[in-house]
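Each chain, written out:
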Amino acid sequence: MYIKSRLFFVNFILYILAVLVLLFALLISPLYLVRWQKMVSGRIGHFAANIELYCCERDSGINIPKQRYIDLFYTDKEVCNNQLKTMWKREITIVPYLFGRILSKSEKLIFYLESIFPIIKSHIIGIKTSEDRDIYNLLEKFTKHLEFTPYEENIGRQQLKDAGIPANAKFVCLISRDDAYLNSLSGGYDWSHHDFRNADIQTFVMAAEEVAEMGYYVFRMGSVVNEPIRTEHPRVIDYATSAMRNDFMDIYLGAKCYFCISVSTGYDAIPQIFRRPIVFVNMVPIGMMPTWSSRDLLLTKHHYSIHDNHELSLKEIINRKVTLCYSVKCYSENMVRLVDNTPEEIRDQVIEMVERLEKTWVPSSTDKALQKRFWSIYQKNDTGATGMPLHGRINALFGAKFLRNNPTWLE
């Protein structure tokens, strides 16, 4: 009873302060517009990509008021990576947590009142790029907004040296999604509806070891994982389960990697905002593939019919209406079973990236036609739950080796 009374009192005071903040902002708005918005700081993908895209929008003149203004950001109580927060504070204005709680209440008041006073919504920043999707292709137009200080650069180089990585050695980041991180979050929420996005880290061993044999180092990334990657190769480092793992190196490795291997999960936003190439495999839902960067290669999971166990073609996947399935239940209701890419498919996709980056890639006579065929079938005009487009200009490539080996998939 005491706890409930205390929470009621605290919320009452916060709302009183929120009203005062909102009234003050409205009062000065003819001369100076104050806008604010919460950062999704508990999930590294949104914490990185949403704000980088906001910065790109600002550079391009999108969502910029015509008058003098200031944008204020506040975080959740949980911050997934303090190094990233430190770096964002050098680029945008992040208010202290207590003031952020007041702004949060003000934001709620705005949503309650906007139907009566539409002008009040001008105090919400409202990132326009569908949150973390680069629908305006801004990441290729503008350079990155985060930089390491000379002191931080020294720390990063020293930690790589301590890990036995030679100076100027090329390394790759590898991240495969499992349910460990979300299950570790406070609140006891059931995240199992996301399980269709998971992939077995052991299916990446073949690719990791082959790249390591080519002289690269491979860092298996992750802050909380279900199991270690099983390999004895000295250049494949299970960073996620090592004593080396910390918030700073999470960002430093993602920013400095030669490229990243991912299943499209939160961490790959770090190499993305630092403009590093990404190899995507096991990507689902297929309609949400990140298509905006010419640096990236894409590959989706296999889709099988539960009814007769045949693999669905791209057109059949679209006809089953599972291109935007966001839950295990959605696939099940549409009689679709997902199967991970094989270790060989993952290896081929990764080697394709290496060869493209090293300028040794030899295209076949059919590659252009296969790419054109794939994108002519792919639903590029899909919109998300907010009504915003999911894709802008298509710049990414679908895996050439997969299309060569599976020509009937496009029939």
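For the structure, check the block above.
On a predicted model such as this, the values are computed, not experimentally measured, just so you know. (Residues numbered from 1 in each chain as written. Predicted model: local features only at pLDDT ≥ 70, side-chain atom pairs only at ≥ 80, totals over all residues. Heavy atoms only, no water.)

Draft legend 1. Highlighting the nonpolar core. Counting 99 residues, the largest nonpolar core has Trp88, Phe219, Leu253, Phe374 and Trp409 as the members making the most contacts within it. Residue contributions to this core peak at seven residues, all from helix H2 (residues 44–60). Not counting chain neighbours up to four residues away, the residues in contact with Leu253 comprise Leu160, Phe171, Cys173, Phe219, Met221, Tyr239 and Tyr267. (Core = buried A, V, L, I, M, F, W, Y, C linked by side-chain atoms within 4.5 Å. Buried < 20%, exposed > 50% of the residue type's maximum accessible area, 1.4 Å probe, protein only. Helix = DSSP H or I, 4+ residues; strand = E, 2+ residues; numbered from the N terminus. Contact = heavy atoms within 4.5 Å.)

Draft legend 2. Region of interest: the packing of helix H5 (residues 150–162) against helix H8 (residues 247–256). Axis separation between H5 and H8 bottoms out at 10 Å; the angle between their running directions is 90°. Considered as vectors, H5 and H8 are oriented roughly perpendicular to each other. The segment H5 lies against H8, with Glu152, Glu153, Ile155, Gly156, Arg157, Gln159 and Leu160 engaging Phe248, Met249, Tyr252, Leu253 and Lys256. (Axes fitted to C-alpha atoms, helices over the stretch in contact; angles between N-to-C directions. Parallel < 35°, antiparallel > 145°, perpendicular 65-115°, else oblique.)

Draft legend 3. Here's a closer look at H2. Compared with an ideal rise of 1.5 Å per residue, which puts 17 residues at 24 Å, H2 spans 24 Å between its outermost C-alpha atoms and is within 8% of the ideal. Extensive coverage of H2 is indicated by the burial of 13 of its 17 residues. (Expected span 1.5 Å × (residues − 1).)

Draft legend 4. Geometry of the sheet that holds strand E2 (residues 69–75). With respect to topology, three strands assemble into an open sheet ordered E1-E2-E3, the strand pairing being parallel. Sheet topology places strand E1 (33–39) and strand E3 (93–94) at the edges, where each strand pairs with a single neighbour. With seven bridges joining them, E1 and E2 adopt parallel strand pairing. Bridge pairing in E2 links Leu33 to Tyr69. Packed onto the sheet, H2 meets E1 and E2 and runs at close to 175° relative to E2. Lying on the sheet, helix H4 (residues 97–113) is in contact with E1 and E2; it crosses E2 at an angle near 110°. (Pairing = 2+ DSSP bridges.)

Draft legend 5. Seen up close, the layout of surface pockets. The computed volume of the second largest pocket comes to approximately 360 Å³. Lining the second largest pocket we find 14 residues, and of these Asp76, Lys77, Tyr97, Arg101 and Ser104 sit closest to its centre. Elements that contribute at least two residues to the lining of the second largest pocket include exactly E2 and H4. For the lining of the second largest pocket, the element with the most residues is H4, which contributes eight residues. Looking at side-chain class alone, the lining of the second largest pocket contains four nonpolar, three polar and seven charged residues. (1 Å grid on protein atoms, 1.4 Å probe; cavity = no way out; pocket = protein on both sides within 12 Å on 5 of 7 lines; lining within 4 Å. Points joined across faces, edges and corners; volume = space filled by probe spheres on them. Nonpolar A, V, L, I, M, F, W, Y, C, P; charged D, E, K, R; others polar.)

Draft legend 6. Expanded view of the pattern of salt bridges. One pass over the structure, following the stated rule, counts 20 salt bridges. Residue Arg90 is joined to Glu152 by a salt bridge in which the shortest nitrogen-to-oxygen separation is 2.9 Å. Highlighted residues: Arg90 in the loop between helix H3 (82–88) and E3 and Glu152 in helix H5, separated in sequence by 62 residues. Relative accessible area serves as the criterion here: at 41%, Arg90 is assigned to the partly exposed category. Residue Glu352 pairs with Arg356 through a salt bridge whose shortest N-O separation is 3.0 Å. Taken together, the positions of Glu352 and Arg356, both in helix H12 (residues 343–357) and four residues apart, correspond to about one turn of that helix. Residue Glu352 is classed as buried on the basis of its relative accessible area, which comes to 1%. (Salt bridge = Lys/Arg side-chain N within 4 Å of Asp/Glu carboxyl O.)

Draft legend 7. Main features of H4. Counted at 1.5 Å a residue, the expected span for H4 with its 17 residues is 24 Å, and the 24 Å between its end C-alpha atoms agrees. Within the span of H4, buried status applies to Gly100, Ile102, Leu103, Lys105, Ser106, Glu107, Leu109 and Ile110.

Draft legend 8. Representation of unusual backbone geometry within the structure. Here the bond from Val284 into Pro285 is cis, since omega is -5°, no more than 30 degrees from zero. Mapping Pro285 onto the fold places it in the loop between strand E8 (278–280) and strand E9 (297–298).

Draft legend 9. Broad picture of a nonpolar patch on the surface. Taken together, the side chains of Phe8, Phe9, Phe12, Ile13, Ile16, Leu17, Val19, Leu20, Leu23 and Leu26 make up a nonpolar region of the molecular surface, amounting to roughly 930 Å² of accessible area. For Leu20, the location among the structural elements is in helix H1 (residues 2–28). (Patch = residues over 30% accessible without salt bridge, like charges linked within 9 Å, V, L, I, M, F, W, Y side chains within 5 Å. Areas by Shrake-Rupley, 256 points an atom, 1.4 Å probe, with all protein chains shown as cover.)

Draft legend 10. A look at the side chain of Asn395. Note that Asn395 resides in the loop between helix H13 (367–377) and strand E12 (397–398). Setting aside its immediate chain neighbours within four residues, Asn395 contacts Asn137, Glu140, Thr291, Trp292, Ser293 and Ser294.

Draft legend 11. Local environment of the state of the cysteines. Using the criterion set out here, one finds one disulfide in the structure. The partner cysteine of Cys325 in its disulfide is Cys330, sulfur to sulfur 2.0 Å. On the sign convention where negative is left-handed, the bridge of Cys325 and Cys330, at about -60° about the S-S bond, is left-handed. By relative accessible area, which is 0% here, Cys325 ends up buried. No disulfide involves Cys55; its sulfur sits 7.0 Å from that of Cys56, the nearest cysteine. Classification of Cys55 as buried rests on a relative accessible area of 0%. Between Cys260, a free cysteine, and Cys257, which holds the nearest cysteine sulfur, the sulfur-to-sulfur gap is 5.5 Å. (Disulfide = S-S within 2.5 Å.)

Draft legend 12. Molecular detail of the packing of helix H7 (residues 205–213) against H12. Look at H7 against H12: their axes get within 7 Å of each other, and the N-to-C directions meet at 35°. The interaxial crossing formed by H7 with H12 has right-handed handedness. Contacts between H7 and H12 involve Met206, Ala207, Glu210 and Val211 from the former and Pro343, Glu344, Ile346, Arg347, Val350, Ile351 and Val354 from the latter. (Left-handed = near helix turned anticlockwise from the far one by under 90°.)

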